[in-house]
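Here is how the chains run, residue by residue.
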Amino acid sequence: MNFEQTYEVMKSKLGRILPDFEIKYKAELAVQINQLKKDKNAIILGHNYMEPALYHSIPDIVGDSLELSRRAAQTDKDIIIFCGVRFMAETAKILNPGKTVLLPAQKAGCSLAESISADDVRNLKKKFPGVPVVTYINTYADVKAESDICCTSGNAAAVVKSLKSETVIFIPDEYLAKNVAVETGKHIIFPTRKPRPKKETVLDYQIIGWTGRCEVHEKFTVEDIENIRKQFPEVMILAHPECSPEVVQASDFSGSTSAMVRYVEKSGAPSYLLLTECSMGDNIAASHPDKEMLRLCSVRCPHMNEITLEETLQSLLKIRYVIDVPEEIRIRARQPLERMLAIS
Ligand code: 13P
Ligand code: SF4
């Protein structure tokens, strides 16, 4: 598409949420990126948290971590540009060792991925020998390499149930683990949290958790929900499962980012509050002008925010930042990912 066509498409979607000068400026960047993408035989995967102009202009596929992992495993392009955060780009590399995987910004990390190391997992396994390790996809490759199976927010409870094991180690998100415990009816403990009750034995617990948290989702509270319900009694409240169990239970629906998008698309409610990264509300509002998306405040993930159209253009021009995973770790990290993809 040339500039006029790109601008028209972006204007029709984003006209109500962005000023015209920004749409024009970003349409110019999008045209260059889309041309380079063709020239270099690249595919762009965009997470649902990308800022609205990027989300609605350059990705070939948008989605949640599970959908993007699946698509990353299927592509025949030479280059995968991951408009998301580092653990997502690493996942694409683990599944596609022969391809060049690029992350447009070097610093795009994740508070959950940084909350646990491979040594931490080895120590947990020593402490609880034989207990299977379920690892959230929001972790780095060396942590995945120590795990039995991965999961995402879209399949966490199903993965735990699939193991048919009385006790599992579930890392690293404390809140996701607690939400899975509620859904699967399991009792949960956190062995690194002090003080520990004296009488616990491995038989007393069924989910052994870790205390990582998402720095975005831990901010939402039940009080936020009560305040919004007072002002907008008909509002439909959706919470990501990285929110606390109290917040999830006080909401009307909880699911992965794409499950939330689908829920809003199907539901007939007049207004919605998404307890998740704030770009998602803008992205849904851009595609669905008939749906009113309420804003609690702008809670933006600082890591996702590193990914911009400018950085994506530079990434394609300079082939930067190339994601590499040491082969020995990649081979071991691939197994838990493939186990997950096979069951979901
Ligand atoms: P999803 O897998 O639901 O897209 O979540 C990824 C994430 O990082 C949420 O904060
Ligand atoms: Fe990580 Fe939270 Fe950002 Fe998702 S929103 S990438 S879990 S810090």
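The structure under discussion appears in the preceding block.
Residues numbered from 1 in each chain as written. Chains lettered and ligands numbered in written order. Predicted model: local features only at pLDDT ≥ 70, side-chain atom pairs only at ≥ 80, totals over all residues. Heavy atoms only, no water.

Novice: I tried to follow the packing of aromatic side chains on my own but got confused; where do I start?
Specialist: Any pair of aromatic rings gets described here by the distance separating the centres and the angle formed by the planes. Tallied over the full model, the rule gives two aromatic pairs. Seen from their ring centres, Phe3 and Tyr7 are 6.0 Å apart, and the 15 degrees between their planes marks the pair as stacked. In this pair, Phe3 and Tyr7 are both assigned in helix α1 (residues 3-14), four residues apart and thus about one turn of the helix distant. For Tyr7, a relative accessible area of 12% corresponds to the buried category. A centroid spacing of 4.4 Å and a plane angle of 25 degrees characterise the contact between Phe253 and Tyr263, whose relative ring orientation is stacked. With a gap of 10 residues between them, Phe253 in strand β11 (residues 253-254) and Tyr263 in helix α12 (residues 257-266) connect regions that are remote in the sequence. According to the relative accessible area criterion, Phe253 is partly exposed, its value standing at 23%. (Phe/Tyr/Trp six-rings, centres within 6.5 Å; stacked < 30°, edge-to-face > 60°. Helix = DSSP H or I, 4+ residues; strand = E, 2+ residues; numbered from the N terminus. Buried < 20%, exposed > 50% of the residue type's maximum accessible area, 1.4 Å probe, protein only.)

Novice: What's the story with the sheet that holds strand β10 (residues 236-239) in this structure? I'm lost.
Specialist: Note on sheets: strands pair through backbone hydrogen bonds, and any given pair is parallel or antiparallel. In spatial order, the strands read β11-β10-β12-β13; together these four strands make up an open sheet with parallel pairing. At either end of the open sheet lies a strand with only one pairing partner, and these are β11 and β13 (292-294). Most of the contacts of helix α10 (residues 222-231) go to β10, to which it runs at about 160 degrees, and overall it touches β10, β12 (271-275) and β13. Together, β10, β11, β12 and β13 form the strand contacts of α12, whose direction differs from that of β10 by roughly 165 degrees. (Pairing = 2+ DSSP bridges. Contact = heavy atoms within 4.5 Å. Axes fitted to C-alpha atoms, helices over the stretch in contact; angles between N-to-C directions.)

Novice: Help me out: how do you make sense of the pairing of strand β1 (residues 42-47) in this one?
Specialist: Looking along a regular strand, one sees the side chains alternate between the two faces of the sheet. Of all the six residues making up β1, six are buried; the element is thus mostly covered by neighbouring parts of the structure. Sheet topology note: the β1/strand β3 (residues 79-83) ladder contains five bridges and is parallel. Residue pairing across strands places Ile44 opposite Ile81, the latter belonging to β3. When β1 meets strand β2 (residues 61-63), the two strands line up parallel, connected through three bridges. Its bridge partner being in β2, His47 is matched across the sheet by Gly63.

Novice: When you look at the sheet that holds strand β6 (residues 149-151) in this model, what are you seeing that I'm missing?
Specialist: Strands sit in the order β6-β5-β7-β9-β8 across an open sheet of five strands; the sheet is parallel. For this open sheet the edge positions go to β6 and β8 (188-189), each flanked by a neighbour on one side alone. Here three bridges tie strand β5 (residues 133-136) to β6, and the two strands are oriented parallel to one another. Counted as the bridge partner of Val134 is Ile149 from β6. Along the sheet, helix α6 (residues 118-127) contacts β5, β7 (168-171) and β9 (207-209); its crossing angle with β7, the most-contacted strand, is approximately 160 degrees.

Novice: Whenever I open this one, the site of ligand 1 confuses me. Can you help?
Specialist: Neighbouring residues of ligand 1: His47, Tyr49, Asp64, Ser65, Asn138, Ser153, His217, His240, Glu242, Ser256 and Thr257. In this structure, Tyr49 approaches ligand 1 through a side-chain N or O atom, which is 3.3 Å from an oxygen atom. Within the side chain of Ser65, a nitrogen or oxygen atom sits 2.7 Å from an oxygen atom of ligand 1. In isolation ligand 1 has 300 Å² of accessible area, and contact with the protein removes 96% of it. (Near = heavy atom within 4 Å. Polar contact = N/O pair within 3.5 Å; in protein donor to acceptor, adjacent residues only side chain to side chain. Areas by Shrake-Rupley, 256 points an atom, 1.4 Å probe, with all protein chains shown as cover.)

Novice: Where do I start with helix α15 (residues 327-343) in this structure?
Specialist: Residue pairs three or four apart in sequence face the same way in an α-helix, which turns once every 3.6 residues. The terminal C-alpha atoms of α15 lie 25 Å apart, and with 17 residues this matches the ideal 24 Å at 1.5 Å per residue to within 8%. Within α15, burial applies to Ile329, Arg330, Ala333, Pro336, Leu337, Met340 and Leu341. Against the buried residues of α15 lie α4 (65-74), α5 (86-95), α7 (141-144) and β6. (Expected span 1.5 Å × (residues − 1).)

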